[in-house]
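Fold and geometry: a report
Chain by chain, the residues:
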Amino acid sequence: GYDAAAKTPYDLLIAFDGREYVEDIALPAILDALLAEKKAPAFVAVLIDNGTGAPRLADLGNRESFAEFLSGQLIPYVRERWTVTRDPRHTIVAGSSAGGLAAAFVAYRHPEVFGNVLSQSGAFWRGPEASNEPPFEWLTGQYAASPRKDIRFVLEVGSRESAGALGGTAPSILEANRRLRDTLLRRGYDVAYTEV
């Protein structure tokens, strides 16, 4: 649905773990179907392939340098080449597990760029800067202690993701998602939360 001659900018979707969102989740097909059914407008979607293992967490684990790369380099690059919105209310950042954590983190750091977060089983138990050490649920603490930002959230988590991370020494994904949800609601954020 993209028209290079369009005068109205397109909504923007940034998704982490790009290969998964192409092969496993079929995000391009989902967006095409939503457009065909007139349930969503056309999007420009940028699917970032973050690699695996330690390099993936170096990007996605509450990393300040990654948030700066996205807001300072990637988004300007996309805006120079495609007709995309500059309105954070029309920009979505999405991911699963560590990618869900990264989505909430980059929106926290740059709400002037990212106004919508879609997190699927976000690994909100993690500490700062890709840490596997306490303080756990560091980002939840940041949201709790900061003035409310103009960000909307869609949080999805598995109802059986109840095993503690790191062999039980850290909170489970389910517990951490519930606590983030509760924190965001207390702070007045717009949150849609689903346990599947």
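Structure: above.
All residue numbers here refer to positions counted from 1 along the written sequence of the relevant chain. In keeping with the model being predicted, local features are shown solely for residues with a pLDDT of at least 70 and side-chain atom pairs are shown and tallied solely at 80 or more, while totals for entire chains, interfaces and linings include all residues. The basis for every side-chain value is the complete set of heavy atoms in the structure, and neither hydrogens nor water enter the calculation.

**Describing the pairing of strand S3 (residues 91-96)**
Accessible area is worked out with a 1.4 Å probe on protein chains only. A residue is then buried under 20% of its type maximum, exposed over 50%, and partly exposed in between. Numbering of helices and strands starts at the N terminus; helices are DSSP runs of H or I of at least 4 residues and strands are runs of E of at least 2. With five of six residues buried, S3 lies mostly within the body of the structure. By this definition, two strands are paired if DSSP reports at least two bridges between them. Where strand S1 (residues 11-15) lies against S3, four bridges are found, and the strand directions are parallel. By the bridge assignment for S3, Leu12 is matched with Thr91. When S3 meets strand S4 (residues 116-120), the two strands line up parallel, connected through five bridges. Paired with Ala94 across the strands is Leu118, a residue of S4. Handedness rule for crossovers: strands pointing away from the viewer, path from the first strand over the helix to the second running clockwise, crossover right-handed. Viewed along the sheet, the connection from S3 through helix H5 (residues 98-109) into S4 turns out right-handed.

**A look at helix H8 (residues 173-186)**
Here H8 contains 14 residues, and its C-alpha end-to-end distance of 20 Å stays within 8% of the 20 Å for a straight helix at 1.5 Å per residue. Among the residues of H8, Ile173, Leu174, Ala176, Asn177, Leu180, Arg181, Thr183 and Leu184 are the ones counted as buried. Buried residues along H8 sit in contact with helix H6 (138-145), strand S5 (152-157) and strand S6 (190-195). Trailing H8 by a residue or two, Gly188 shows a phi angle of about 90 degrees, which is positive. A helix is expected to reach a length of 1.5 Å times the quantity of its residues less one. Whether two residues touch is decided by their heavy atoms; if any such pair falls within 4.5 Å, the residues are in contact.

**Focus: the nonpolar core**
Nonpolar cores were defined as sets of buried Ala, Val, Leu, Ile, Met, Phe, Trp, Tyr and Cys residues, with membership established by side-chain atoms within 4.5 Å. Counting residues in each nonpolar core, the largest one holds 48 residues, and the members touching the most others are Ile14, Phe16, Val93, Phe114, Leu139, Tyr143 and Phe153. Mapped by element, the contributors of at least two residues to this core are S1, strand S2 (43-47), helix H4 (64-81), H5, H6, S5 and H8. Broken down by element, the residue count for this core peaks at nine residues, all from H5. Contact partners of Ile14, with chain neighbours within four places excluded, come to Val46, Ile48, Leu74, Ile75, Ile92, Val93, Ala94 and Phe114. By size, the runner-up hydrophobic cluster in this structure holds six residues, among which are Leu13, Ala15, Leu27 and Leu31.

**Digging into the packing of H5 against H6**
Where H5 contacts H6, the axes come no closer than 11 Å and their chain directions differ by 30 degrees. With respect to H6, the element H5 is oriented roughly parallel. Note that H5 runs across H6; the crossing there is left-handed. Between H5 and H6, the contacting residues are Leu101, Ala104, Phe105, Ala107, Tyr108 and Arg109 on the first element and Trp138, Leu139, Gln142 and Tyr143 on the second. For the contact of H5 with H6, the class distribution of residues is eight nonpolar, one polar and one charged. Every angle, taken between N-to-C directions, lies between 0 and 180 degrees, and every axis is a line fitted to C-alpha atoms, over only the stretch in contact when it is a helix. Oblique is the label for every angle not falling under 35 degrees (roughly parallel), over 145 degrees (roughly antiparallel), or within 65 to 115 degrees (roughly perpendicular). For any pair of crossing helices, the crossing counts as left-handed if the nearer helix is rotated counterclockwise from the farther one by less than a right angle, and right-handed if it is rotated clockwise. Side-chain classes are defined by residue name, with Ala, Val, Leu, Ile, Met, Phe, Trp, Tyr, Cys and Pro counting as nonpolar, Asp, Glu, Lys and Arg as charged, and the others, Gly among them, as polar.

**Overview of the packing of aromatic side chains**
Only rings of Phe, Tyr and Trp enter the pairing, Trp through its six-membered ring, and a pair is recorded when the two centres are within 6.5 Å. The plane angle decides the type: under 30 degrees is stacked, over 60 is edge-to-face, the rest tilted. Within this structure, the stated rule accounts for nine aromatic pairs. Their ring planes at 80 degrees and their centres at 5.6 Å tell us that Tyr143 and Phe153 sit as a pair that is edge-to-face. Of the two residues, Tyr143 is situated in helix H6 and Phe153 in strand S5; the sequence distance between them amounts to 10 residues. Note on Tyr143: relative accessible area 0%, which makes it buried. Overall, Phe153 belongs to the buried group, its relative accessible area being 2%. Ring-pair connections join several aromatic residues into one group, and the members of that group are Tyr108, Tyr143, Phe153 and Tyr189. For a Lys NZ or an Arg CZ to count as sitting over a ring, it must be within 6 Å of the ring centre and within 35 degrees of the ring normal. It is Arg148 that lies over the ring of Tyr189; its NZ or CZ is 5.3 Å from the centre. Above the plane of the ring of Tyr108 lies Lys149, whose end atom (NZ or CZ) is 4.6 Å from the centre.

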